[in-house]
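Examination of the molecular architecture
Residue-level listing of the chains:
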Amino acid sequence: QVQLVESGGASVKAGGSLRLSCAASVPTYSRPCMAWFRQAPGKEREGVAAIRLATTTTRYTDSVKDRFTISQDNAKNTLYLQMNSLKPEDTAMYYCAAGLLTSRCPGFTRGDFTSWGQGTQVTVSS
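Report follows, based on the coordinates. Please read all numbers here as calculations on a predicted model, not as lab measurements.

1. What to know about the sheet that holds strand S7 (residues 68-73)
Across the sheet, which stays open at both edges, the four strands sit in the order S1-S3-S8-S7 with antiparallel pairing between neighbours. Every interior strand has two partners, whereas the edge strands, strand S1 (4-7) and S7, have only one. Adjacent strand axes in the sheet meet at a mean angle of 15°, parallel and antiparallel pairs treated alike. Bridge count for strand S3 (residues 18-24) against strand S8 (residues 78-83) is six bridges, and the pairing is antiparallel. When the bridges of S8 are listed, Ser21 appears paired with Tyr80.

Next up, the structure:
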């Protein structure tokens, strides 16, 4: 089981930036597919950005394209989510997830992800 610990959430004003981090307890080869999800109050958890670590192939949900960037630092076993031009609708709890490699990776099928972090809160005010 992969242990994931997110950090970096905060309260910011619209237009601001944040970088979320997800520290993993095991190296890249043990978690070949990773993603960031988010869940706002009263809404379903949705995929935001995903990455196939071996090839660094990425995928983004439409609402964050050109604003968010998912990346990895293999030496630190850490996944990042750089979030720019934040909007109030980005307010949510953000979760890091890790899973085994499937043909859907990078993707947002929740059943493909076997390990989840506890989440970090992002609040964007107007």
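2. Digging into the pattern of salt bridges
Under the counting rule described, the total for this entry stands at five salt bridges. One network of salt bridges, in which partners are shared, links Arg38, Glu46, Arg67 and Asp90.

3. Quick notes on the state of the cysteines
Inspection of every chain in the model, using the stated rule, returns two disulfides. Between the sulfur atoms of Cys22 and its disulfide mate Cys96 the distance is 2.1 Å. The disulfide joining Cys22 to Cys96 has a torsion of about -75° about its S-S bond and is therefore left-handed. Linking Cys22 in strand S3 with Cys96 in strand S9 (residues 92-99), this pair joins segments that are 74 residues apart in sequence. Overall, Cys22 belongs to the buried group, its relative accessible area being 0%. According to the relative accessible area criterion, Cys96 is buried, its value standing at 0%. The disulfide partner of Cys33 is Cys105, and the gap between their sulfur atoms is 2.1 Å. In this structure, the disulfide formed by Cys33 and Cys105 twists by about 105° around the S-S bond and is classed as right-handed. Of this pair, Cys33 sits in strand S4 (residues 33-39) while Cys105 sits in the loop between S9 and strand S10 (113-116); the two residues are 72 residues apart in sequence, bridging distant segments of the chain.

Reading the values: the criteria
Residues numbered from 1 in each chain as written. Predicted model: local features only at pLDDT ≥ 70, side-chain atom pairs only at ≥ 80, totals over all residues. Heavy atoms only, no water. Pairing = 2+ DSSP bridges. Helix = DSSP H or I, 4+ residues; strand = E, 2+ residues; numbered from the N terminus. Axes fitted to C-alpha atoms, helices over the stretch in contact; angles between N-to-C directions. Salt bridge = Lys/Arg side-chain N within 4 Å of Asp/Glu carboxyl O. Disulfide = S-S within 2.5 Å. Buried < 20%, exposed > 50% of the residue type's maximum accessible area, 1.4 Å probe, protein only.

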